[in-house]
Amino acid sequence: MRNIVLTTQYDGTNYIGWQRQPLHRGVSIQQTLEQALERVLGHEAALWAAGRTDAGVHALAQWANFSTTNAIPCQNLAAALNHILPSDIKITQAQEVPAAFHARRSAVEKTYRYLIAREKAPLFTRRYLWELGEELDVAAMKEAVGYLLGEHDFFAMSSRGSSAQTSVRTIISAQVLELASLTDLSSEAGLVLPWQQIAGGLVIEITANGFLYKMMRHITARLVEVGRGREAPSSLAGILRGEAAAQIDPAPPQGLTLWHIKYESFS
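Report on the accompanying structure. (Residues numbered from 1 in each chain as written. Predicted model: local features only at pLDDT ≥ 70, side-chain atom pairs only at ≥ 80, totals over all residues. Heavy atoms only, no water.)

### Brief notes about the overall build of the protein
So, point 1. Tallying secondary structure elements over the protein gives 5 helices and 10 strands in all.
So, point 2. What you see for the protein is a C-alpha radius of gyration of 19 Å, in line with the 18 Å of a compact globule of 267 residues.
So, point 3. If one aligns the C-alpha atoms of the protein with their principal axes, the spans along those axes are about 60 × 40 × 40 Å.
So, point 4. Relative to its full complement of 267 residues, the protein shows a buried share of 51%.
So, point 5. Residue pairs at least 24 apart in sequence account for 75% of intrachain contacts in the protein once pairs closer than 6 positions are excluded.
So, point 6. Here the protein displays about 12,600 Å² of accessible surface, and carbon together with sulfur accounts for 49% of that area.
So, point 7. Positive and negative charge centroids in the protein, built from 24 and 25 side chains respectively, lie 5 Å apart. (Helix = DSSP H or I, 4+ residues; strand = E, 2+ residues; numbered from the N terminus. Rg over C-alpha atoms; globule rule 2.2 N^0.38 Å. Buried < 20%, exposed > 50% of the residue type's maximum accessible area, 1.4 Å probe, protein only. Contact = heavy atoms within 4.5 Å. Areas by Shrake-Rupley, 256 points an atom, 1.4 Å probe, with all protein chains shown as cover. Lys, Arg positive; Asp, Glu negative; His and termini not counted. Charge placed at Lys NZ, Arg CZ, Asp CG, Glu CD.)

As structure tokens, then:
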């Protein structure tokens, strides 16, 4: 039995998220990929992903593994899948991995980026960002994000519905960056991203050992409240300590991209 991992990029706009769900709810990334795999392999194959992205969320490097007895070379597998997959899903790599490898359990770090446009954004970029159309206190946001570093209970910065056994996570790095300072956008993964058209864009980048349900979107929403002057930067520390805070909605999904996943043996 072979264990193969796919590295996948997708635009999540037209999907109900990664996870397969009843058909009446819509089409998922997982379902679409598994159907393509069945056509190529000649048998059903269940995918295990590094993270279950929500409806409308994108991925630059989602990892998902499956088992097969089919002897197809990995290079041919990737080409065959890309031939039949819709244009908003692409396999960038297929590789055979040890039997013990699991895309989620073997991951040691995950990085998400969230894009905010403080000004009016070009029409065809709006499926990849949160268009605020207002100025933000970036210095205050940069101060606030520092309170997230380290190990904390992020229960108050997540949505109910997670199957996780604990809400404690460790944030390894957290930054609020001016989009113009990200010189790597045109070269990462060989892409020219639509982000480059955004004037005055902000990127919230967080790397952690794991994320709770909608955790990144809740963190983003809180940072925006700080940027608007509605909350003090230190309020994030209070929320993590369990102090009561005003309820706010998570940031919209389309600004969020699963950017990178680190595995000790692979990246």
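### Focus on helix α3 (residues 138-145)
So, point 1. For α3, the set of buried residues is Val138, Ala140, Met141, Ala144 and Val145. Across the axial projection of α3, the buried residues extend over an arc of 155 degrees, all falling on one side.
So, point 2. Elements that come into contact with the buried residues of α3 comprise β8 (168-178), β9 (201-208), α4 (215-227) and α5 (235-240).
So, point 3. By the N-cap criterion, in which a side-chain oxygen at the helix start approaches the backbone nitrogen of a residue two or three places on, α3 is capped by Asp137, the distance to Ala139 being 3.3 Å. (Arc of directions from axis to C-beta. Polar contact = N/O pair within 3.5 Å; in protein donor to acceptor, adjacent residues only side chain to side chain.)

### Side note on the packing of α3 against α4
So, point 1. With their axes 8 Å apart at the nearest point, α3 and α4 run at an angle of 135 degrees to one another. It follows from the interaxial angle that α3 and α4 lie oblique. Considering the relative orientation of α3 and α4, their crossing is right-handed. Contact residues: Ala140, Met141, Ala144 and Val145 in α3; Leu223, Val224, Val226 and Gly227 in α4.
So, point 2. Looking at side-chain class alone, the contact of α3 with α4 contains 7 nonpolar, 1 polar and no charged residues. (Axes fitted to C-alpha atoms, helices over the stretch in contact; angles between N-to-C directions. Parallel < 35°, antiparallel > 145°, perpendicular 65-115°, else oblique. Left-handed = near helix turned anticlockwise from the far one by under 90°. Nonpolar A, V, L, I, M, F, W, Y, C, P; charged D, E, K, R; others polar.)

### A look at the side chain of Arg118
So, point 1. Tracing the sequence through the fold places Arg118 in the loop between β5 (107-117) and β6 (130-131).
So, point 2. One polar contact links Arg118 to Glu178, side chain to side chain, over a distance of 2.9 Å.
So, point 3. Contacts of Arg118, omitting those with residues within four sequence positions, involve Gly133, Glu134, Glu135, Leu136, Val138, Glu178, Gly200, Gly201 and Leu202.

### Points about unusual backbone geometry
So, point 1. Notably, Lys214 is not glycine yet its phi reads approximately 60 degrees, a positive angle.
So, point 2. In this structure, Lys214 sits in the loop between β9 and α4.

### Some details on the side chain of Thr111
So, point 1. When you line up the elements, Thr111 lands in strand β5.
So, point 2. The exposure class of Thr111 is buried, given its relative accessible area of 10%.
So, point 3. Among the polar contacts made by the side chain of Thr111, one reaches the side chain of Thr207 at a distance of 2.6 Å.
So, point 4. Discounting chain neighbours no more than four positions away, the residues touching Thr111 are Glu205, Ile206, Thr207, Thr257, Leu258, Trp259 and His260.

### Looking at the packing of aromatic side chains
So, point 1. By the definition in use, this model includes 6 aromatic pairs.
So, point 2. Relative to Tyr263, the ring of Trp63 has its centre 4.5 Å away and its plane inclined at 40 degrees; by these criteria the two rings are tilted. Here Trp63 is found in strand β3 (residues 58-68), whereas its partner Tyr263 is found in strand β10 (residues 256-263), with 200 residues between them in sequence.
So, point 3. Its relative accessible area of 1% is what places Tyr263 among the buried residues.
So, point 4. Both rings, one in Phe101 and one in Tyr263, keep their centres 5.0 Å apart while their planes meet at 55 degrees; by these two values the pair is tilted. Of this pair, Phe101 sits in the loop between β4 (89-97) and β5 while Tyr263 sits in strand β10, placing them 162 residues apart in sequence.
So, point 5. In this structure an aromatic cluster arises from ring pairing among Trp63, Phe101 and Tyr263. (Phe/Tyr/Trp six-rings, centres within 6.5 Å; stacked < 30°, edge-to-face > 60°.)

### Some points on the packing of helix α1 (residues 29-41) against helix α2 (residues 74-84)
So, point 1. Contact geometry of α1 with α2 gives a least axis separation of 10 Å together with a crossing angle of 120 degrees. The pairing of α1 with α2 is recorded here as oblique in orientation. When the axes of α1 and α2 are compared, the crossing they make is right-handed. Across the interface between the two elements, Ala36, Leu37, Arg39, Val40 and Leu41 of α1 pack against Leu77, Ala80, Leu81 and Ile84 of α2.
So, point 2. In the contact of α1 with α2, the residues fall into 8 nonpolar, no polar and 1 charged.

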